[in-house]
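Given next are the chains, with one letter for each unit.
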Amino acid sequence: MIEDLLNQKEASKSILIIDSFLNNSTNLLFTYIKNFIEKDNLNTSLNLYPTSRSSKLKFIEFLPQKNVIDQTILLNIFTSNQNVLQLVLDQLIKNNESKKKFIIIIDNINLVLRHFENNPVFFIHFVIECSRRPDICQLVCIAHEQSLNNDVLCQIGQIFQTVVYINDTKMRQDEITMFSKLNKHIFKFSLKIDHRSLKTSKILSFNEILYIDNEFSVQKVEKILKKKSMTKEDDETEEDMLKGLTFNVHLSSDEMEAKKNLVLPYELIGQKKSIKMENKDTESKIFYAPDEADDIDDDDPDDDLNF
Amino acid sequence: MDFNTVIEFGKEKSSFYLVDSSTDGSFFIHYILSHSIRSNVKTIFVTLSQTLGHYKGVQAKLGNSTSLSTSLSERSLVHYDLLSKISQAYVEGKSDQIKIFDDLVDKVAAVVQQKDEDFILIIDDLCLACLNGVSEKALFGFLAKIQSLSDKLCLVVYAQSMLATRDFINDLIYMSDLYFKIENLSTGYSKEIDGQMSVFRMNEDLNLRPQKYLYKVNERNVKLFQI
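Residues numbered from 1 in each chain as written. Chains lettered and ligands numbered in written order. Predicted model: local features only at pLDDT ≥ 70, side-chain atom pairs only at ≥ 80, totals over all residues. Heavy atoms only, no water.

Enquirer: Please clarify how the sheet that holds strand S9 (residues 222–226) of chain B should be interpreted in this entry.
Expert: By way of backbone hydrogen bonds, the strands of a sheet pair with one another, either parallel or antiparallel. Residues and elements named next belong to chain B. Ordered in space as S3-S2-S4-S5-S1-S6-S7-S8-S9, the 9 strands form an open sheet in which the pairing is mixed. Each edge of the open sheet is held by one strand with a lone partner, namely strand S3 (77–81) and S9. Geometrically, the sheet is characterised by an average inter-axis angle of 20 degrees between neighbouring strands, direction not taken into account. Taken together, the 5 bridges between strand S1 (residues 16–21) and strand S6 (residues 178–183) define a ladder with parallel strand orientation. By the bridge assignment for S6, Asp20 is matched with Lys181. (Pairing = 2+ DSSP bridges. Helix = DSSP H or I, 4+ residues; strand = E, 2+ residues; numbered from the N terminus. Axes fitted to C-alpha atoms, helices over the stretch in contact; angles between N-to-C directions.)

Okay, structure coming up:
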């Protein structure tokens, strides 16, 4: 799935990439942009909208052609009270004399939401508008989960057709060994992709691991299948819970058998069967030695009770 | 190793340094100020946490007293007291917070127009503005305006993260090129070590793994030990 998204083979109208500080999506975005440029699309124009000077410089360093970088958001964000997203849409109509199609990339929607004082309404309206317009073939946005309210993130995630979560980017030793022969720096992305099919409206989930090299080419994609049996998972969690205990909670085989064979008294209610006690010859006797103060007689001690 | 061997301030390509400190990381500001005085780079020093007298005293200890006075008189170092400006604005009842920074932005623009050379803007400490009632949106607007004035501007922002929300600091981190996280040792106090500093090169390092150092602040310098 991720490979199809990166090559634009999967026609997803809107893609939201959710990353975090240590699991950064920059390389993933660069791979997407590089694939687009290599395809040499004549009728589709790529429009990058950096939201800060730092990201603008980052794109300038990466891209040979700087005309794909549009400063509409950068010049208006925070410095004016205008709807910067509406400015983007208006400008696309204004400059589209050749009736091209557009791919819009916004690198940090956290700052855009801050511009709207964390009110997601304007951004949601923008995404819906982009999905409706035939001249906008794809919208790609990056969100950083650490400075976004979870509720806002969930709300925004629901209106995108595809949401890509970057869960982990740390390479294991066996993975490093696997790619060591290539003599390239490899970046790993452990991804969860939720894709809404427009035909069936079902949400399909994919768990994949993507490996990209330092030239932003895809080296390998691994698909992770979900475990089917739930009981195995339950057993494993129970075993994990019992591992660290200092006392024994397990039953031996004899104890298990005795437990299985035990008949509890309430199980015999309504049945003719009864629990048979073993008959013993010896009867138990109680020996009582009275004190001086004890009044021993044969009268019934409960005679004085009035009932 | 010395602080200036790890961070060669004059050679760094970064345009936005963010210093996020959960402890006393003011040594960083004194180091940057000392560097800008010695290298004669045009500097605008915006203060909120301390008076100019305090910085003069520290620079005197570092042996830069005369240089600091000379820089101030020659206007290669310009001081701006932002805290007084914020309090004045509140006393006068000015509700538009973005206009609090207009005077500072105009001064920076005037400096930029004078000469086409590199210059530094140091802010100590941005989170105190939040504490004094300035909205986070107004602060972001101010930073965006400042950065749009010139590509030759190097912005150094010191922020004591316990004075602001974590979301604010996280958004600042994504705006920065070079991010320093200064914190206490996780294992407790030590006589030999004052704290830990992590350096994140946000745009250069594609893998974003930090360089970590332990630091010790001495009377005249800062020693770093790589971990």
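Enquirer: What is the right way to look at a negative patch on the surface in this model?
Expert: Negative charge collects at one region of the surface, where Asp291, Glu292, Asp294, Asp295, Asp297, Asp299, Asp300, Asp302, Asp303 and Asp304 of chain A lie side by side. Within the secondary structure, Asp303 of chain A is located in the segment after helix H11 (253–261). (Patch = residues over 30% accessible without salt bridge, like charges linked within 9 Å, V, L, I, M, F, W, Y side chains within 5 Å. Areas by Shrake-Rupley, 256 points an atom, 1.4 Å probe, with all protein chains shown as cover. Salt bridge = Lys/Arg side-chain N within 4 Å of Asp/Glu carboxyl O. Lys, Arg positive; Asp, Glu negative; His and termini not counted. Charge placed at Lys NZ, Arg CZ, Asp CG, Glu CD.)

Enquirer: Any chance you could explain the interface of chain A and chain B here in plain terms?
Expert: By convention, interface size is frequently given as the accessible area that disappears when the constituent parts associate. Across the boundary between the two partners, chain A contributes 29 residues, which contact 29 residues of chain B. Summed over both partners, the interface of chain A with chain B buries about 2,700 Å², with 53% contributed by carbon and sulfur atoms. Sorting the residues of chain A by area buried against chain B places Phe21, Arg53 and Arg114 of chain A first, and these three jointly supply 30% of that buried surface. In this structure, the salt-bridge partner of Glu136 of chain B is Arg114 of chain A, at a minimum N-O distance of 2.7 Å. Here chain A and chain B share 11 residue pairs in polar contact (both at pLDDT 80 or more) between them. When residues of the side of chain A that touches chain B are traced back to their parent elements, those giving at least two are helix H3 (53–62) and helix H6 (109–115) of chain A. Each residue belonging to the side of chain A that touches chain B can be placed in one class, and the counts come to 8 nonpolar, 15 polar and 6 charged. (Contact = heavy atoms within 4.5 Å. Buried area = accessible area lost by both parts, 1.4 Å probe. Polar contact = N/O pair within 3.5 Å; in protein donor to acceptor, adjacent residues only side chain to side chain. Nonpolar A, V, L, I, M, F, W, Y, C, P; charged D, E, K, R; others polar.)

Enquirer: Looking at this model, I keep getting lost on the pattern of salt bridges. Mind explaining?
Expert: Side chains that carry opposite charge are capable of pairing whenever their charged atoms lie near each other. Residue and element names in this part refer to chain A. Overall, the coordinates contain 16 salt bridges over all chains when judged by the stated rule. Across the salt bridge formed by Glu38 and Lys34, the nearest N and O atoms sit 3.5 Å from each other. Separated by 4 residues within a single helix, Glu38 and Lys34 lie in helix H2 (residues 26–39), roughly one turn from each other. In this structure, the salt-bridge partner of Lys188 is Glu175, at a minimum N-O distance of 3.3 Å. Of the two residues, Lys188 sits in strand S6 (residues 186–196) while Glu175 sits in helix H9 (residues 173–178), which places them 13 residues apart along the sequence.

Enquirer: I would appreciate a short explanation of helix H6 (residues 102–114) of chain B in the present structure.
Expert: Since one α-helical turn is 3.6 residues long, residues separated by three or four positions face the same way. Residues and elements named next belong to chain B. Look at H6: 18 Å from first C-alpha to last across 13 residues, which is about the 18 Å you get at 1.5 Å a residue. Within H6, burial applies to Leu104, Val105, Val108, Ala109, Val111 and Val112. Angular distribution of buried residues about the axis of H6 spans 160 degrees; they occupy a single face of the element. For H6, the exposed residues set more than 90 degrees away from the buried face come down to Asp106, Gln113 and Gln114. (Expected span 1.5 Å × (residues − 1). Buried < 20%, exposed > 50% of the residue type's maximum accessible area, 1.4 Å probe, protein only. Arc of directions from axis to C-beta.)

Enquirer: Which parts of the structure should I look at to understand the confidence of the model for chain B?
Expert: For any part of a model where pLDDT is low, the fine detail of the predicted coordinates should not be relied upon. Across chain B, the average pLDDT comes to 84, with 93% of residues at 70 or higher. Overall fold confidence (pTM) sits at 0.77, and the ipTM for the predicted complex is 0.83. (pLDDT = per-residue confidence, 0-100.)

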